[in-house]
Amino acid sequence: MKWIVGLGNPGSNYAKTRHNIGFMALDRLASRHNISITQNKCKALIGEGNIGGVKTVLIKPMTYMNLSGESVRAYMDFYKVNLEDLIVVYDDMDTEIGKVRLRYQGSAGGHNGIKSIIQHTGTQQFNRVRMGISRPDPGHAIVDYVLSTFMKKEKEALEQTIEQTCDALEYSLTNTFEQTMAKFNG
């Protein structure tokens, strides 16, 4: 079984913001495979299904970004799942919009959701898909930027990022994460 955690903030006022691109990707993946992410468990909304013959659980923590690790830990403890089977999907300012970067370890890089997951799992070693949202213009506050919606001119690049993320996630379920990185980090 694989489990994929998309990071974001709950509530309609955050739905289309840059910080919620992880939720957007999980919603698209769920839509591709007729999975309903509606079960309320482990401080998260959860959907279970079969993707490419692999039992897969899609998880959207409802703890707000900064506390995402609470939901990940609760799921780990309750279902006794392995960290090797986890993939975290989240927004990354150091990656250009329209692109994704896959990694299997590393620091939080200033991302509070990842920082929380590292704190609650006790390790920096877990698979990640970093979805590009680009950096704000100089002088623009980072918190305002990540909580802002995408501009119309970014719509095509946003779609590309979401589709590429879903393709990478699907590929990763039947290939190693190293093979997935080699294919999608391009």
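So, how was this worked out
- Residues numbered from 1 in each chain as written.
- Predicted model: local features only at pLDDT ≥ 70, side-chain atom pairs only at ≥ 80, totals over all residues.
- Heavy atoms only, no water.
- UniProt positions renumbered as here; feature names shortened; annotations may be inferred.
- Helix = DSSP H or I, 4+ residues; strand = E, 2+ residues; numbered from the N terminus.
- Contact = heavy atoms within 4.5 Å.
- Polar contact = N/O pair within 3.5 Å; in protein donor to acceptor, adjacent residues only side chain to side chain.
- Salt bridge = Lys/Arg side-chain N within 4 Å of Asp/Glu carboxyl O.
- Buried < 20%, exposed > 50% of the residue type's maximum accessible area, 1.4 Å probe, protein only.
- Pairing = 2+ DSSP bridges.

Going by an unreviewed UniProt entry, the chain carries the name Peptidyl-tRNA hydrolase and comes from Paenibacillus amylolyticus. On record in UniProt, under Subcellular location (unreviewed entry), the comment for the chain is "Cytoplasm". Note on the chain: under the UniProt heading Subunit (unreviewed entry), the record states "Monomer."

A. Representation of the UniProt feature "binding site: tRNA" (unreviewed entry) in the chain. Cross-referencing UniProt, the feature "binding site: tRNA" (unreviewed entry) maps to Tyr14, Tyr64, Asn66 and Asn112 in the present numbering. By the secondary structure assignment, Tyr14 is in the loop between strand S1 (2-6) and helix H1 (21-32). If we ignore the near neighbours within four places in the chain, the residues touching Tyr14 are Asn9, Asn20, Tyr64 and Leu147. If you trace the backbone, Asn112 turns up in helix H3 (residues 112-121). Sequence-distant contacts of Asn112, that is, excluding residues within four places in its chain, are made with Met65 and Asn66. Within polar-contact distance, the side chain of Asn112 engages the side chain of Lys115 at 3.4 Å.

B. Broad picture of the pattern of salt bridges. In total, this model carries 13 salt bridges according to the counting rule given. With a closest N to O distance of 2.4 Å, Arg28 and Glu163 form a salt bridge. Of this pair, Arg28 sits in helix H1 while Glu163 sits in helix H5 (residues 155-174), and the two are 135 residues apart along the sequence. Residue classification places Glu163 among the partly exposed residues on the basis of a relative accessible area of 29%. The shortest N-O distance in the salt bridge between Asp92 and Arg130 comes to 3.2 Å. Here Asp92 is found in strand S5 (residues 86-92), whereas its partner Arg130 is found in strand S7 (residues 127-132), with 38 residues between them in sequence.

C. How the structure looks around the environment of Gly113. Summarising the element assignment, Gly113 is placed in helix H3. Since its relative accessible area comes to 0%, Gly113 is described here as buried. Each C-alpha atom of the pair Gly113 and His19 lies 9.9 Å from the other, and the pair is 94 residues apart in sequence. Leave out the neighbours within four places in its chain, and Gly113 touches Leu7, Met65 and Ser68.

D. Representation of the environment of Glu178. Tracing the chain through its elements places Glu178 in helix H6 (residues 177-184). Sequence separation of Glu178 and Val100 is 78 residues, and the distance between their C-alpha atoms is 15 Å.

E. Highlighting the pairing of S7. The buried fraction of S7 amounts to six of the six residues, a majority that puts the element mostly inside the structure. The two faces of S7 match: Asn127, Val129 and Met131 on one face and Arg128, Arg130 and Gly132 on the other face are all buried. Strand direction decides the pairing type here: S5 and S7, joined by six bridges, are parallel. Following the sheet pairing, Val89 is matched in S7 by Val129. Sheet topology places strand S6 (residues 100-103) next to S7; four bridges connect them, and they run antiparallel. Of the residues in S7, the one forming a bridge with Arg101 is Arg130.

F. Representation of the environment of Thr165. You can see Thr165 is positioned in helix H5. Here the alpha-carbon distance between Thr165 and Met181, two residues 16 residues apart in the chain, equals 12 Å. Excluding residues that lie within four positions of it along the chain, Thr165 makes contacts with Ala25, Val89, Val100, Val129 and Met131.

G. Expanded view of the side chain of Thr165. According to the relative accessible area criterion, Thr165 is buried, its value standing at 0%. Looking at Thr165, its side chain comes within polar contact range of the main-chain oxygen of Thr161, at 2.8 Å.

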